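Summary of the model geometry
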Amino acid sequence: MRRLVVLAAAAATMWAGEGKWTPQQVLKLNPAELKKQGLQLPVRRLWDPVRGTGLLAATVNTGGCSAGFVSEAGLVLTNHHCLFGMVQEHSRPGRDLITNGFLAGSRDEELPSKTGRVNVPRKFTDVTAQMEAAVPAGASDLERAKALEAKEKALVAECEMTPAARCRVAAFDGGVQYVLVESMEILDVRLVYAPPRMIGEYGGEGDNWMWPRHTGDFSMARAYVGRDGKPAPYSKDNVPYKPEFFFPISTEGVKPGDFVMVLGYPGTTVRSLTALEMADREKNLYERRVDLYGAWIRLIEEATKGDEAGIIATAATLKSLNNVYKNAGGQIAGLKRGRIIAKQKAAEAEVEKWAAGKPEWQSALAAKKRLDEMVAEKERTAARAFLLQTVASGGSALRQALQLVKLAGERGKPDAEREPAYMNRMMPMMVAGLERAEKSYFRRADEALAAEWIGRALKLGAGERIKSVDAAFGQGDVKAKLAGMYDGTKVTSLAERLKMFEETPEQLKARRDPMIDFAIALQAELDVFNEQAKAIDGAVAKLRPAWRKAVIAHAGKPVAPDANSTLRVSFAHVKGYAPRDGVVYTPQTTLAGMMEKHTGEDPFDVPKKVREAYEAGKAGRWKDARLGEVPLCFLADADTTGGNSGSPTVNGRGELVGLNFDRVWENVANDFGYNPEIARNVNVDIRFFLWMLDEVENADGLLKELKIRK
Ligand code: ASP
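This is a predicted model, so every value here is computed, not measured.

The rules behind each value
Every chain is numbered independently, its residues counted from 1 as its sequence is written. In view of the model being predicted, local features appear only for residues whose pLDDT reaches at least 70, and side-chain atom pairs are presented and counted only at 80 or more, with totals across whole chains, interfaces and linings using the full set of residues. For the side-chain quantities, the full set of heavy atoms in the structure was used; hydrogens and water were omitted. Helix and strand assignments come from DSSP, with helices taken as H or I runs of at least 4 residues and strands as E runs of at least 2, each series counted from the N terminus. The atom set for the radius of gyration is the C-alpha atoms, and the globule formula is 2.2 Å times the number of residues raised to the power 0.38. Each residue is assigned to one of three classes by its accessible area relative to the maximum for its type, calculated with a 1.4 Å probe on protein chains only: buried under 20%, partly exposed between the two thresholds, exposed over 50%. Two residues form a contact once any of their heavy atoms are found within 4.5 Å. Pairs of cysteine sulfur atoms within 2.5 Å are identified as disulfides in what follows. For the purposes of this section, nonpolar cores are sets of buried Ala, Val, Leu, Ile, Met, Phe, Trp, Tyr and Cys residues that join through side-chain atoms within 4.5 Å. By definition, a salt bridge exists where a carboxyl oxygen of Asp or Glu is found within 4 Å of a side-chain nitrogen of Lys or Arg. We treat two strands as partners when DSSP finds at least two bridges between them. Geometry is summarised by axes, namely lines fitted to C-alpha atoms with helices restricted to the contacting stretch, and by angles between N-to-C directions that run from 0 to 180 degrees. Angles are sorted into four bins: roughly parallel if under 35 degrees, roughly antiparallel if over 145, roughly perpendicular if 65 to 115, and oblique for all others. Left-handed describes a crossing whose near helix is turned anticlockwise from the far helix through less than a right angle; right-handed describes the clockwise counterpart. Following the grouping adopted for this structure description, the nonpolar residues are Ala, Val, Leu, Ile, Met, Phe, Trp, Tyr, Cys and Pro, the charged ones are Asp, Glu, Lys and Arg, and the polar ones are all others, Gly among them. Each residue after the first adds 1.5 Å to the expected span of a helix. Any residue with a heavy atom lying within 4 Å of a molecule or strand is counted as near it. Here a polar contact is taken to be a pair of N or O atoms separated by no more than 3.5 Å, where protein atoms must pair a possible hydrogen donor with a possible acceptor and residues adjacent in sequence count only if both atoms sit in side chains. The pairing test for Phe, Tyr and Trp rings, Trp by its six-membered ring, is centres within 6.5 Å, and the orientation test on the planes gives stacked under 30 degrees, edge-to-face over 60, and tilted for anything in between. To sit over a ring, a charge needs its Lys NZ or Arg CZ within 6 Å of the ring centre and within 35 degrees of the ring normal.

Focus: the overall build of the protein
Scanning the protein from N- to C-terminus turns up 27 helices and 20 strands. Here the protein has a C-alpha radius of gyration of 25 Å; the compact-globule value for 710 residues is 27 Å, and the two agree. Its C-alpha atoms give the protein principal-axis dimensions of roughly 70 × 65 × 60 Å. For the protein, the proportion of its 710 residues judged to be buried stands at 57%. Counted over contacts in the protein with a minimum sequence separation of 6, partners at least 24 positions apart contribute 76%.

Dropping the structure here:
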């Protein structure tokens, strides 16, 4: 971690909220300053550089979300929305766990899941020099991308020789640094507790990304391993995993001004983009998302209206589309409100002025210029690119057909030469995905999504045609043709999908399956598009680090790298904010506020058992003396993003006080830059979770396991 060490050496003076620090950076921060902020633990308890582990290792990745171990028997606490897929997987008409929630009465009742995974961090190694050395002198952009990919595969293969290791190479700020991340992947993850939807998702989409908030966004799972302690696929003989570290739960709670840390796996931020690249992202990603995803959401709602099976099957898809849709709106609003692009432009101009007369930074200036030119070059085919990038979200049948076609082609190559997603190491997850799709397929909705996507593809400009779409749907009625395709395909049958999983391209072709035939033609175009995208990545892998090194040198202080789904810590304080002129938000909400919002109708329909407990005054030991109520959510100024959902929020002693689950509306565009005035993350107070288990669910066994009850 040599480079991060250098970056962090002077970090002591710079933070206040801003920065998603890597474990290694944390060690380099000034301990006296951390203590002043409120950290009571020795830093080495968080992360021991010699052993490469510590309390931070109790923070796990669930593939898209963060989570924390909370018991010595593998209990994992995360957000309701992170385990929602598992809840949906086990729901059906007559057993609607989404609406009613789920509590396993004993370990035998815990519900296994097809695709649930928990990754426990093990080791971080700086491989920057090796990655850079892998690129031959004079390589073209595509050759550079391929050389980096090949090196990554080799490093991953070597790393995965360690038993049970799951590895990846993470690029920081586009390649300023590369780190080999080794974790242990647990394959048997079972649902233990999910509250009713009207707790876990109280307030629905209207309240999502908002404050004040009254959502109990928590759920629990348990990680299981084989009897030898090693990860193993689901088996009833598996035993709970014993983590080396887990978070003790604080029953003391938080109050305004308290120090907290948010630990997790933030996914993607884009603060290292140039101003022009940011503007491109606003226009060609977020604006297009609002448009397409908005249409898809309406179509699913129409297609499932009054149909319980349809509503359950599409619940997880709809929820995720809604979340991305609203996020995109928030990004656009925040970019405008914070004038973020203009500010980035001004900051760049300063760096350019500073670098202008310095020979050593001329290549950095040239790199920046080239990054900006590439934005203009991509613009001509941006509508087409967006559609090709979103095809996999446009219906599960088409997504699976494309995946099976691609797999058949890739299988013919030696493993190390395949696209990373189609290597042998990915096969178990792919099969699980094909099986899991069974629970979320609803033809009417699926067909509507595909029809919308195809309709848009048919409207592309002359220079952007997608030929396979033209050939299959250019003449006649799209809906009728598509219906014929769905009638004729076998992709929607699990047994057939599993057969197709083993087939060669010739066998797939010989099936004369209309969906597969369309996927073959479309995949050929996607392959060309992806190769072009790879060349762009190759160019960026050279240009971005060159430019960023100048930005960092000009700053003369540590600049925390953009999020990239690696383990990070954010130091923060419990704090309210002023969303607009004349309005100040306090940082805590309570159960009384949840009741105030109750209308009896979705999404403000507090479950009866919760209302009864509240009305009977059953606050138990969970009432906050200062608030006079059971606390529910709180705000802090942590630097978080998507992927931080489910992050343990801990106090200065490393005890769990909450779970991060969202940001406030004004702070959605924080992905582009941290603004201390409005940078607020939303946490559920752990005391509300405990109140639910204690006073509503009477979950005696779990409370004992969490050491809350004797
Ligand atoms: N809700 C987000 C997540 O799902 C968290 C955020 O974006 O702040 O990870």
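Side note on the state of the cysteines
All told, the structure shown has two disulfides when counted by the stated rule. Cysteine 159 shares a disulfide with cysteine 167; S-S distance 2.0 Å. Residues cysteine 159 and cysteine 167 are joined by a disulfide whose S-S torsion is about -70°; by sign, that bridge is left-handed. The closest cysteine sulfur to the non-disulfide-bonded cysteine 633 is located on cysteine 82, 14 Å from its own sulfur.

A short note on the nonpolar core
If you look at the biggest cluster of nonpolar residues, it comprises 73 residues, and the most contacted ones within it are Phe218, Met220, Phe688, Phe689 and Trp691. It is helix α26 (residues 686–696) that contributes the most residues to this core, eight residues altogether. Not counting residues up to four positions away in its chain, the partners in contact with tryptophan 691 are Leu591, Val610, Ala613, Tyr614, Lys618, Ala619, Trp622, Val630 and Val696. Within the second largest apolar cluster, 69 residues are counted, among which are Leu335, Leu434, Leu482 and Val491.

Things to note about the pattern of salt bridges
According to the stated counting rule, one finds 59 salt bridges in the structure shown. A salt bridge links aspartate 141 to arginine 144; the shortest N-O distance between them is 3.1 Å. Of this pair, aspartate 141 and arginine 144 both sit in helix α8 (residues 141–159), three residues apart, which is roughly one turn of that helix. Judged by its relative accessible area of 33%, aspartate 141 falls in the partly exposed class. Taking the relative accessible area as the measure of exposure, arginine 144 reaches 8% and is therefore buried. In this structure, the salt-bridge partner of arginine 222 is glutamate 705, at a minimum N-O distance of 2.8 Å. Of the two residues, arginine 222 is situated in strand β10 (residues 219–225) and glutamate 705 in helix α27 (residues 700–705); the sequence distance between them amounts to 483 residues.

Quick notes on the pairing of strand β14 (residues 577–580)
Two strands pair when backbone bridges link them, and β14 and strand β15 (residues 583–585) are joined in this way by two bridges, in the antiparallel orientation. Bridge pairing links tyrosine 577 to tyrosine 585 in β15. Linking β14 to β15, which pair antiparallel, is a turn of two residues; within it glycine 582 sits at a positive phi near 85°.

Topic: the sheet that holds strand β12 (residues 259–264)
Taken in spatial order, the seven strands of this open sheet run β13-β12-β18-β19-β20-β17-β16, and their pairing is antiparallel. The open sheet has two free edges, formed respectively by β13 (568–573) and β16 (588–590), since each of these has just one partner strand. Across the sheet, the mean angle from the axis of one strand to that of its neighbour is 30°, orientation sign disregarded. Where β12 lies against strand β18 (residues 648–650), two bridges are found, and the strand directions are antiparallel.

Considerations on the packing of helix α11 (residues 275–304) against helix α18 (residues 443–458)
Their axes nearest at 9 Å, the elements α11 and α18 cross at an angle of 150°. With respect to their mutual orientation, α11 and α18 come out roughly antiparallel. Helix-helix and strand crossings are classified by hand; for α11 and α18 the assignment is right-handed. Listed contacts from α18 to Asp291, Leu292, Ala295, Trp296, Leu299, Ile300 and Ala303 of α11 are Arg444, Ala445, Ala448, Leu449, Glu452, Trp453 and Arg456. Here the residues of the contact of α11 with α18 sort into ten nonpolar, no polar and four charged.

Things to note about helix α14 (residues 362–379)
For α14, spanning 18 residues, the distance from its first C-alpha to its last is 27 Å, which sits close to the expected 26 Å at 1.5 Å a residue. Among all positions in α14, only Ala364, Leu365, Ala367, Lys368, Leu371, Asp372, Met374 and Val375 are buried. The inward-facing, buried residues of α14 contact α11, α13 (340–356) and α23 (514–555).

Comments concerning unusual backbone geometry
With an omega of 0°, the peptide bond running from tryptophan 211 to proline 212 counts as cis. Within the element layout of this structure, proline 212 appears in the loop between α10 (204–207) and β10. Going from aspartate 602 to proline 603, the amide bond is cis rather than trans, its omega being 5°. Secondary-structure assignment places proline 603 in the loop between α24 (591–597) and α25 (608–615). We note that tryptophan 209 has phi near 65°; this positive angle belongs to a residue other than glycine.

Some points on the site of the ligand
As a matter of local geometry, the ligand sits amid His81, Trp209, Thr641, Gly642, Gly643, Asn644, Ser645, Phe661, Asp662 and Arg663. Glycine 643 is positioned such that a nitrogen or oxygen atom in its backbone is 2.7 Å from an oxygen atom of the ligand. Ranked by the residues each element gives to the shell around the ligand, the list is headed by strand β19 (residues 656–663), at three residues. Taken together, the residues of the shell around the ligand sort by class into two nonpolar, six polar and two charged.

Structural notes on the pairing of strand β2 (residues 66–69)
Sheet faces and side chains relate simply in a regular strand, where the side chains alternate between the two faces. Where burial is concerned, the two faces of β2 agree: the one with Ser66 and Gly68 and the one with Ala67 and Phe69 are both buried. Where strand β1 (residues 59–61) and β2 come together, three bridges link them in antiparallel fashion. If you follow valine 60 over to β2, its bridge partner there is alanine 67. Counted along the chain from β1 to the antiparallel partner β2, the turn is four residues long, and its residue glycine 63 has a positive phi close to 75°. Both β2 and strand β3 (residues 75–78) contribute to a ladder of two bridges, which runs antiparallel. Bridging across to β3, glycine 68 finds its partner in leucine 77. Between the end of β2 and the start of β3, which pair antiparallel, lie five residues, with glycine 74 showing a positive phi angle near 75°.

As for the packing of α11 against α14
At a closest axis distance of 9 Å, the pairing of α11 and α14 adopts a crossing angle of 25°. In terms of axis orientation, α11 runs roughly parallel to α14. Of the residues in α14, those in contact with Leu276, Glu277, Asp280, Lys283 and Asn284 of α11 are Leu371, Asp372, Val375, Lys378 and Glu379. In terms of residue class, the contact of α11 with α14 is built from three nonpolar, one polar and six charged.

Structural notes on the packing of aromatic side chains
Using the criterion set out here, one finds 13 aromatic pairs in the structure. Between phenylalanine 218 and phenylalanine 688, the ring centres sit 6.0 Å apart and the planes meet at 55°, which makes this aromatic pair tilted. Taken together, the positions of phenylalanine 218 in the loop between α10 and β10 and phenylalanine 688 in helix α26 put the pair 470 residues apart, joining distant regions of the chain. Side by side, phenylalanine 218 and phenylalanine 688 carry an identical accessibility label, which is buried. Residues phenylalanine 688 and tryptophan 691 carry aromatic rings whose centres are separated by 5.8 Å and whose planes lie at 20° to one another, so their mutual orientation is stacked. Pair noted here: phenylalanine 688 and tryptophan 691 are both in helix α26, with a separation of three residues, about one helical turn. Three or more aromatic residues joined by ring pairs form one cluster here, namely Tyr193, Phe218, Phe688, Phe689 and Trp691. Over the face of the ring belonging to tyrosine 224 we find arginine 190, whose NZ or CZ atom lies 3.6 Å from the ring centre. The ring of tryptophan 547 is capped by lysine 368, whose NZ or CZ atom sits 5.8 Å from the centre of that ring.

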